[in-house]
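So you can see what is in the structure, the chains are spelled out below.
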Amino acid sequence: MVYFSALSTDNEESRNHMDGTVDSISGMAIDTFIVGRKFSDEKEVNLGANISLLRDPDNIKDSNAIKVLSASSACCKVLGYLPLELAQYLSPLIEKYCLSFEGYVISVPKRSLDAVPIQIVCQNIIFNGKNGCDEFEALHLWQKALQVVEFAKNRPPNTTKYQQNFCLLLKEVLTSSPHLFTKDEKKFIESFTSLSEDSQRLFVRLYTRKGPWFRLSTIMYPEICNPQQAVKELSATGYLYLFEDTTKLHDDEMKDLLSLLTVSELRDILCTLRKKCNHGSRKQNLIASLLSCYKGGSCPVLQRLIWERTEICIRASPEAESLFWRAETLFFLNGEQDLSAFLLVDLRIVKYPTYNCIILEQIFSNKSDLLAYEEAIEVAQVIDQSLDENNFELVLRCIMIADSRISCCPEKLIDSTSPDLMAIFRSCFSASWVYSKVILLGISFLECERRYKDAIHLLRRLLDCFTCDARRGYWTVRLSVDLEHIGCPNESLSVAEAGLLDPWVRAGSRMALQRRVLRLAKPPRRWKTPSFSESLKRKIIEVHIQGRPLNCEAGRKSRFYGEDGEQCGVEQLALQYYATEGGWQGVHTESGIWMTIFGLLMWDILFSDVPNVFRTRFQTAPLDMDTDHFYLARKSLIEPQLQKIHDGLAEEILKTSWELHMGTACRGVNWDQHSLSDLRAAVSCIRGPCLASLCRHLAQDYRSWLSGMPDLLLWRFHGDYKGEAKLVEVKGPRDQLSEQQRAWLLLLMDCGFNAEVCKVSPTVLSP
C-alpha cells in the first residue's frame, strides 16, 4: 500500500505531533544554504566564516526575504539570502518572536556563485504571550521550517527547478511502479542522477523541446556551463544520439535535419548540387526538392553537405526518449499534462487541491498491460494526425488495427451482471478502452463517407465488448440511426427498444431512443403505445420574444441589436428581456455555473479519502468522478451534505468553501467567470430541496449530466430574504432543442425548478 499526501500535512495533524515549548527552540541548529549569491557584496567566502541573519521586508521579490551577513566583516557585508522556502517560516519568527540566528560556513563550493552550505543556530527567543503572540503558532512555524530543511536534503539548491522536478518524477515512478521496468531499464533511469549537473540539465532541456534534432552550435543555456562536455557524457551513456559526417540516416531523419537549415543554406546546397533553385521558393519546397534527390539516389553527398553547415547535431536517443516518455505517462496518468505542470505550480500560476493518495491497487498489474496501452496510444495519435491530414488510407488502417486488438484483447471484460465499479474507472487506462476511442473516431469517419454497413459492424463490436460503459447510449443511438440509413427500420426499432432496457443508457441518449421508438413503432410494426409516450409529450413552457436582426443567414449564429442598440447574441437579448419584463438578474452560463456550485458545495467530498482515486499530485478531481463508483463509494458523506443543502445551508457552505479554496484548481469550478456575490445570490434564490435534488443527480451520474444545462440562470429577490430562480434555454430562429437539453429541462421540472424555453424570432416589419 502507498499512502501519501499530495500537499503538506494539515494544521490539526501538526498540532497532534508537536512537542515542547517555545523556549526549546533556543539553541537548536539547522543546516541550510546561502542562495542568491549574484546579489552578494563578497564573491568569496571562507570555511568557518561567521554569519548572521537580517530581515529584508522591503525586498521587491519576496517580502519574507532574509539576508545572510558576514559577521566577520566590520561592515557586515551581504553574502546572499536564505532559501525562500525556509524564509517564509523563519521571517515571522524573527519579527514576531525576536528570534535571532548566528552560524558559520560549513563548506565552500567550487564556483563562487554557487549556494554555500551553512549551519545556523537560534540564539534567543522572546515570548511573553502578548502582542498577539501565540505559542502554538511559533512552534508550528518552527516545525514547518524543520520540514523544509529535511526536504531540502535531497534537493541541492544548485539544482535548477526543472532538473529537480524531472528527478522527482523519475524517483516517484520507480518507487510506485518498479514492476513495470526491467532491471536494465531501472538501472538506466537511476543512472540519470549520477550524471553531472550540466548533463542532467541539457538532457531535460532537449527532452522538453520540440525537435527531434538540434544544432550543437545553437545550444546555449546560462545554467549549463559546458554544453560540449555534457554532450560527450550524454552520448557516452546512451542518452544522446549524435549526427556527424559519417552517420547513416533514414529518410525521415534526413527531413528533420534539413528543417534545421536556413533558407539561404538550403539554396546554397541546391546550387552546389547544380539543381534548379527558385529564389522565391518556400522552405518546405526547398526541402522537398532535396529529399526527392536524396531518395532517388542522385545526390549521395547530401548528408556531407548538411553536416558541413550544421556540424554536429544532437537528439535524445530513441531508447531514452521512449523510457522517459513511459515514466511521464505513469506519473501524470493522462495525455494532457507534462513537466510544465511542475512549472505552473512553482510559479504559483496553478494551485492543486490538498488530498491524500491512498494506493491499494496498481493501475497496470504487469508490463505487458502497459506496453499494450502504449501501443494503443500510438495508434490513437496516428489516427488523429491522419484525420487532420485527410490520409484516409491510414485512417482505415488504424480502424482495422483497433478492431483486431479489441477482438483478441487479453483483458477480462467487465461482467454486466455484477460489475466491478472500481474496475470501470480503472479501465480508462487499458488498451481496449483506448482502441474503443479509435474505433469511435473511425465510426464518425465512416458515417461521413456513407459507409454505414462498416460503421454498423464497429458499433456492434463496441456494444458487445463494453457491456458496462456510459458511452453505450451514444453507440446505441448511432447504431439505430445507421440501420435506418441502410433501409432496416425493423432492426433499427429493435435496437432502440433494447437500448431502453440497458441501465447504462441515460439522459439525452435515453430520450433520443424513446423518441425513435415512438416514431418507428407505428402499426403494423407495433400496435401497443409505449408506456413512456406520455412523459415525452409533457409540455415545456415557451416564451416568444422578437428582436431586430443583424443577420439571418443559414449556418451562422444569429445576431441581433439589443435594447441599447449594441450587437448581441440571442442569450444577451433574452437577458435584457427578462431584466425588463420581470426584474430578473442572471448570467448566460449553460452548465458552467452549476458545475462551479456543485464543486464548491461538494469540495470536501470530492477530495475525501477514497482509495485509488488520487494517484498523482496534479489532479483536479478524483479518477472516478465520471462513474457510478463516485456516489456509491461516498454515499455516507454525500447524503448528509445533501441534507444540509436541502435544509437551506447551501449559501453558508458555498461561502466557506470559496474563502478556503479560492483559486485552487478543481474540475468544473471556474473562479474567474462567476463572482461570489452572483453565486450566493443564485443559491439563496434556489430552494434547498431543488438544489439538493440537482446535486444528487450530478453526484450519481456526473458524466451523463455534464452538458446540456439551460443557457440562462436567473434570480430575483422579494424583500431581503426571499427570492426565486428560473432556468431558461434560449433558441434562435433556426435552433431546435437537442435531446440532452430536453432531458435536462424535464429533469429540472421534476426537481421543482421553474424552467422554460425562450424562442427568439426576428421582428416582422409591417408593409
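Residues numbered from 1 in each chain as written. Predicted model: local features only at pLDDT ≥ 70, side-chain atom pairs only at ≥ 80, totals over all residues. Heavy atoms only, no water.

The chain carries the name Fanconi-associated nuclease in an unreviewed UniProt entry, which gives Gossypium hirsutum as its organism. Recorded in UniProt for the chain, the comment headed Function (unreviewed entry) runs: "Nuclease required for the repair of DNA interstrand cross-links (ICL). Acts as a 5'-3' exonuclease that anchors at a cut end of DNA and cleaves DNA successively at every third nucleotide, allowing to excise an ICL from one strand through flanking incisions." The UniProt entry for the chain carries this comment under Sequence similarities (unreviewed entry): "Belongs to the FAN1 family." (UniProt positions renumbered as here; feature names shortened; annotations may be inferred.)

Visitor: How should I be thinking about the overall build of the chain in this particular structure?
Guide: Regarding its fold elements, the chain presents 31 helices and 18 strands. Taken over 767 residues, the chain has a buried fraction of 48%. Of all intrachain contacts in the chain linking residues separated by at least 6 positions in sequence, the fraction that spans at least 24 positions is 71%. Carbon together with sulfur atoms contributes 51% to the accessible area of the chain, which is approximately 38,600 Å² in total. (Helix = DSSP H or I, 4+ residues; strand = E, 2+ residues; numbered from the N terminus. Buried < 20%, exposed > 50% of the residue type's maximum accessible area, 1.4 Å probe, protein only. Contact = heavy atoms within 4.5 Å. Areas by Shrake-Rupley, 256 points an atom, 1.4 Å probe, with all protein chains shown as cover.)

Visitor: Just checking my understanding: could you explain helix H12 (residues 318-332) for this structure?
Guide: Because each turn of an α-helix spans 3.6 residues, side chains separated by three or four positions in sequence point in the same direction. In this model, H12 (15 residues) spans 21 Å end to end at C-alpha, consistent with the 21 Å of a helix rising 1.5 Å per residue. If you follow the buried residues of H12, they end up packed against helix H4 (161-176), helix H5 (183-190), helix H6 (197-208), helix H13 (340-346) and helix H14 (367-388). Leu-333 sits one or two residues past H12 and shows a positive phi near 60°. (Expected span 1.5 Å × (residues − 1).)

Visitor: Can you help me understand the nonpolar core in this one?
Guide: Note that soluble globular proteins tend to have their nonpolar side chains buried in a common cluster. Judged by nonpolar contacts, the single largest core of 82 residues is most densely connected at Phe-166, Leu-169, Phe-192, Phe-203, Tyr-239, Ile-314 and Phe-324. For this core, the element with the most residues is helix H17 (residues 431-448), which contributes ten residues. Counting 80 residues, the second largest nonpolar core, distinct from the first, contains Met-511, Trp-658, Leu-691 and Leu-747. (Core = buried A, V, L, I, M, F, W, Y, C linked by side-chain atoms within 4.5 Å.)

Visitor: Explanation requested: the sheet that holds strand E17 (residues 722-731) in the structure shown.
Guide: In a beta sheet, neighbouring strands pair by backbone hydrogen bonds and run either parallel or antiparallel. The strand order across the open sheet formed by seven strands is E14-E13-E12-E18-E17-E16-E15, and the pairing between neighbours is mixed. Every interior strand has two partners, whereas the edge strands, strand E14 (567-569) and strand E15 (585-588), have only one. For this sheet, the mean inter-axis angle between neighbouring strands, taken without regard to orientation, is 40°. Of the strand pairs in this sheet, E15 and strand E16 (residues 712-718) are connected by four bridges, and their pairing is antiparallel. For Val-587, the partnering residue across the bridge sits in E16 and is Leu-713. Against the sheet, helix H29 (residues 676-685) makes contact with E15, E16 and E17, and its axis sits at roughly 75° relative to E16, the strand it touches most. (Pairing = 2+ DSSP bridges. Axes fitted to C-alpha atoms, helices over the stretch in contact; angles between N-to-C directions.)

Visitor: How should the sheet that holds strand E10 (residues 313-316) be read in this particular structure?
Guide: Pairing within the open sheet is antiparallel, and its three strands lie in the order E8-E10-E9. Either end of the sheet is taken by a strand with one partner, and the two such strands are strand E8 (214-215) and strand E9 (240-243). Note that E9 and E10 share four bridges and pair antiparallel. Residue pairing for E10: Phe-243 is matched across the bridge by Cys-313. Each of E9 and E10 is contacted by helix H7 (residues 227-236), which is oriented at about 110° to E9, the strand it contacts most.

Visitor: Explanation requested: a negative patch on the surface in the structure shown.
Guide: Taken together, the side chains of Glu-563, Asp-564, Glu-566 and Glu-581 present a region of like negative charge at the surface. Counting through the fold element by element, Glu-566 comes out in the loop between strand E13 (559-561) and E14. (Patch = residues over 30% accessible without salt bridge, like charges linked within 9 Å, V, L, I, M, F, W, Y side chains within 5 Å. Salt bridge = Lys/Arg side-chain N within 4 Å of Asp/Glu carboxyl O. Lys, Arg positive; Asp, Glu negative; His and termini not counted. Charge placed at Lys NZ, Arg CZ, Asp CG, Glu CD.)

Visitor: Any chance you could explain the packing of aromatic side chains here in plain terms?
Guide: Aromatic rings in a pair are described by how distant their centres are and how their planes are angled relative to each other. The full count for this structure, using the stated rule, is 37 aromatic pairs. For the ring pair Phe-166 and Phe-192, a centre distance of 5.1 Å and an interplane angle of 65° mean the geometry is edge-to-face. Remark: Phe-192 occurs in the loop between H5 and H6 and Phe-166 occurs in helix H4; sequence separation between them is 26 residues. With a centroid separation of 5.1 Å and an interplanar angle of 45°, the aromatic rings of Phe-392 and Phe-445 are classed as tilted. Of this pair, Phe-392 sits in helix H15 (residues 392-407) while Phe-445 sits in helix H17, and the two are 53 residues apart along the sequence. Classification of Phe-392 as partly exposed rests on a relative accessible area of 36%. Judged by its relative accessible area of 9%, Phe-445 falls in the buried class. Put simply, the rings of Phe-166, Phe-188, Phe-192, Phe-203, Tyr-207, Tyr-239 and Phe-324 pair up and form one aromatic cluster. Just above the ring of Trp-213 sits the side chain of Arg-315; from NZ or CZ to the centre is 5.9 Å. Taking NZ or CZ as reference, Arg-548 lies 4.2 Å from the ring centre of Tyr-561, over its face. (Phe/Tyr/Trp six-rings, centres within 6.5 Å; stacked < 30°, edge-to-face > 60°. Lys NZ or Arg CZ within 6 Å of the ring centre and 35° of its normal.)

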